[in-house]
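Understanding the architecture of this molecule
Listed below, chain by chain, are the residues.
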Amino acid sequence: MSENDNDKPCLVETGRGFSVKYKDRLLYSKYDPQKNILQTVQSLKILPGTLILALSPCLGYGLGELSEKLPEDCFIFAVERDEKLFRLTETHCAEKYSEEKKCLLFSPEQLDELPALLNGLTSPFRGKFKRVLRIDFSAGAFLNEKFYTVFYSAMQKSIAQFWKNRITLVKFGKRYSRNFFRNISALKENYKIDGLFKSVSKPILVCGAGESLEIILSAEKNVSGKFYIIAVDAALRAFKAKNIHVDAVVCEESQIAISKAFIGCRQYADRAFASLSSCPEAASTAGKSTAFYTTVFDERNFLEQLSASSILPAAVPPLGSVGLTAVYLSLCLRASTEVPVYIAGLDFSFSPGKTHAKETFPSAQNLLEFNRLNSKKSYAPAFSAGTSAVSDINGKKTVTTVALNGYAELFKQFFYNARNLFDLRNCGLPLNLPNADFTTVSKHLSDESRFSCKQPVPPEKNAENEKISRFFRNEITALEELKDILSNGQNEDSRTRNERIKKLLECREYLYLHFPDGISSSLDIGFLKRIRAETDYFLKLFNQLRCL
């Protein structure tokens, strides 16, 4: 069956060039097709580091003029969602798209993945842009307005998230790397979490440290033995206070301050689920044993290399919140989707004067610091900058922050289709989960003995340990070579020297990912001087770890 003429874009000649007729409408003015877009381009004031989304470029009017006025570090992504309009664009103005002209055309099939790939490890545009500017180049943009709105927002979020991560890495990147390598060494004596996946056939209870945790703590007789309990780090002390043993505690915090949360609590957690980038002291003291998982704190070649060599345990998405990580792990641990998972204490909000549940680590710390001079300290978080009053799941007013609200939104996006995930909370921000009553749920569960899940005993433990030892030996050799080049390679041919440096840095981004300009390596003399200083630090660390 042939296509209807109205369903095919066709050129329409006007007095000043061509317009396009498609779906019973003209996509350009029938009087002067180029006038509007040229006026728009002429009026633009483009800031450095801007990515321009040229939506539905059709005949490419204005693209040449826009390319000519771009600052050095800007670029144009020509975007077309409609397949027929895309073919028209390819046919009539393919010559306008090239890297030299700072303009690339993307097909409809590429658009869904483009936001995620924009700052990916292999992307030539990684870290190039700081903002996005949308320009509708024809009326074709209105034919897919909903998609373009979502796409534009996704591109903005991709760039914003990249720079948020960069700020975090500049501040904590070196600590992440140090913890990461120390915990890799600790894998010799501990386990990977992979061995526990799909091993729990008992209802799972995931507990944060928010106020709604108190409905669980107030009924400890109904908890023990009936659930596989996973607690976040700050909540473990509250379980100890009620003499409740948990099956696992999740540790993600990279700083040593969190270690205080586990003082005297080790016997109350059968196992710690610890990120490789978490504080090693906390990971080793949180539970009777430790099962590690990988949090990919940045897309880097050295992480890819370790993953390819089967050294790294299973990866968990960088969700930002230990509570979200705990929920993610619970869904991986259950034997099937028929096993129910219940959440409590993941409120992402708090009441004035009470930021956490009673007996949790933050609550205990607040009481310890309470005196006549600090009597109002507990109320300060509710009235600090960045907080806002919102309605909770009961319609009552509660306090949240930009970060907490962001975690709640991410929770809804990430777990919206999780089967048999239920909400036991009596307060907190809405998470769009089916509600369940804790008393009713616990009454229907049998009072069985404590559940014993599959033990994560890695196959060929000696082989695993040899992989880890070999990795540290190889890194020490490579860093010593790099140190020698940077210290004594001045008389070497500069081209050969630079190629050796680039090759050595290619899979060792941990040396510079915490630099403010550490998005990629550089042969600038100032950059290499800083690299030289880092080689001493990591050589000392790796030599220590090799001897453990």
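Nothing here was measured: the structure is a model prediction, and the numbers come from that model. (Residues numbered from 1 in each chain as written. Predicted model: local features only at pLDDT ≥ 70, side-chain atom pairs only at ≥ 80, totals over all residues. Heavy atoms only, no water.)

Time to look at the sheet that holds strand S7 (residues 131-136). Each strand in a sheet pairs with its neighbour through backbone hydrogen bonds, running either in the same direction (parallel) or in the opposite one (antiparallel). Spatial strand order, S6-S5-S4-S7: four strands in an open sheet with parallel pairing. On the outer flanks of this sheet lie strand S6 (103-106) and S7, each paired with one strand and no other. Going across the sheet, the axis of each strand differs from the next one's by a mean of 25 degrees, ignoring polarity. Inspection of the sheet shows strand S4 (residues 50-55) paired to S7 by six bridges, in the parallel sense. Bridging from a neighbouring strand, Leu-53 pairs with Arg-134 of S7. Its contacts with the sheet place helix H6 (residues 145-186) against S4, strand S5 (75-79) and S7, and it is angled at close to 160 degrees to S7. (Pairing = 2+ DSSP bridges. Helix = DSSP H or I, 4+ residues; strand = E, 2+ residues; numbered from the N terminus. Axes fitted to C-alpha atoms, helices over the stretch in contact; angles between N-to-C directions. Contact = heavy atoms within 4.5 Å.)

Further remarks concern the environment of Lys-45. As for its placement among the helices and strands, Lys-45 is situated in the loop between helix H1 (35-43) and S4. Lys-45 sits 24 residues away from Lys-69 along the chain, and the two C-alpha atoms are 9.4 Å apart.

The alternating pattern of strand S15 (residues 341-344) places Val-341 and Ile-343 on one face and Tyr-342 and Ala-344 on the opposite face, and all of these are buried. Sheet topology places strand S9 (residues 204-207) next to S15; four bridges connect them, and they run parallel. Paired with Val-206 across the two strands is Ile-343, which belongs to S15. Here three bridges tie S15 to strand S18 (residues 421-423), and the two strands are oriented parallel to one another. Counted as the bridge partner of Tyr-342 is Phe-422 from S18. (Buried < 20%, exposed > 50% of the residue type's maximum accessible area, 1.4 Å probe, protein only.)

For the rest of this paragraph, the subject is the environment of Leu-59. Within the element layout of this structure, Leu-59 appears in the loop between S4 and helix H2 (63-68). Using a relative accessible area of 9% as the deciding quantity, one classes Leu-59 as buried. Leu-59 sits 79 residues away from Ser-138 along the chain, and the two C-alpha atoms are 8.8 Å apart. The contacts of Leu-59, once residues within four sequence positions are left out, are Leu-11, Phe-18, Ser-19, Val-20, Tyr-28, Leu-88, His-92, Cys-93 and Lys-96.

With the rule as written, the count across this model stands at 36 aromatic pairs. When the centroid spacing of 5.5 Å and the interplanar angle of 80 degrees are considered together, the rings of Phe-180 and Phe-181 count as edge-to-face. Classification of Phe-180 by relative accessible area gives buried; the value is 0%. Among the aromatic residues, ring-to-ring pairing joins Phe-172, Tyr-176, Phe-180, Phe-181, Phe-297, Phe-302, Phe-471, Phe-472, Tyr-510, Tyr-537, Phe-538 and Phe-542 into one connected group. (Phe/Tyr/Trp six-rings, centres within 6.5 Å; stacked < 30°, edge-to-face > 60°.)

What follows concerns the packing of helix H11 (residues 322-333) against helix H13 (residues 402-414). At a minimum axis distance of 10 Å, the contact between H11 and H13 shows a crossing angle of 15 degrees. The angle between the axes of H11 and H13 places the two elements in the roughly parallel class. Along this stretch, H11 crosses H13, giving a crossing that reads as right-handed. Counting all contacts with H11, which are made through Leu-324, Val-327 and Tyr-328, the residues of H13 involved are Tyr-407, Leu-410, Phe-411 and Phe-414. Of the residues in the contact of H11 with H13, the class split is seven nonpolar, no polar and no charged. (Parallel < 35°, antiparallel > 145°, perpendicular 65-115°, else oblique. Left-handed = near helix turned anticlockwise from the far one by under 90°. Nonpolar A, V, L, I, M, F, W, Y, C, P; charged D, E, K, R; others polar.)

To continue, consider the nonpolar core. Within the largest apolar cluster, 114 residues are counted, with the highest numbers of intra-cluster contacts made by Phe-180, Phe-181, Ile-184, Phe-239, Phe-273, Phe-411 and Leu-424. Tallying contributions element by element places helix H15 (residues 461-488) first for this core, with nine residues. With sequence-adjacent residues up to four places away left out, Phe-239 is seen in contact with Cys-207, Leu-213, Leu-217, Ile-229, Ala-231, Ile-244 and Val-246. The next biggest cluster of nonpolar side chains, apart from the first, holds 29 residues, and it includes Cys-58, Leu-59, Tyr-61 and Ala-78. (Core = buried A, V, L, I, M, F, W, Y, C linked by side-chain atoms within 4.5 Å.)

Right, let's get into the state of the cysteines. Under the criterion given, the structure shown has zero disulfides. In this structure Cys-103 is a free cysteine whose sulfur lies 8.7 Å from that of Cys-93, the closest cysteine sulfur available. By relative accessible area, Cys-103 is classed as buried at 1%. Cysteine Cys-265 shares no disulfide, and the gap to the nearest cysteine sulfur, in Cys-251, comes to 11 Å. Look at Cys-265 and you get buried, because its relative accessible area is 0%. (Disulfide = S-S within 2.5 Å.)

It is worth spelling out the pattern of salt bridges at this point. One pass over the structure, following the stated rule, counts 22 salt bridges. Here Glu-145 and Arg-134 are joined by a salt bridge, their closest N and O atoms 3.1 Å apart. One end of the pair, Glu-145, is in helix H6; the other, Arg-134, is in strand S7, and 11 residues separate them in sequence. Judged by relative accessible area, Glu-145 falls into the partly exposed class, the value being 29%. Among the charged side chains, a salt-bridge network with shared partners connects Arg-126, Asp-298 and Arg-300. (Salt bridge = Lys/Arg side-chain N within 4 Å of Asp/Glu carboxyl O.)

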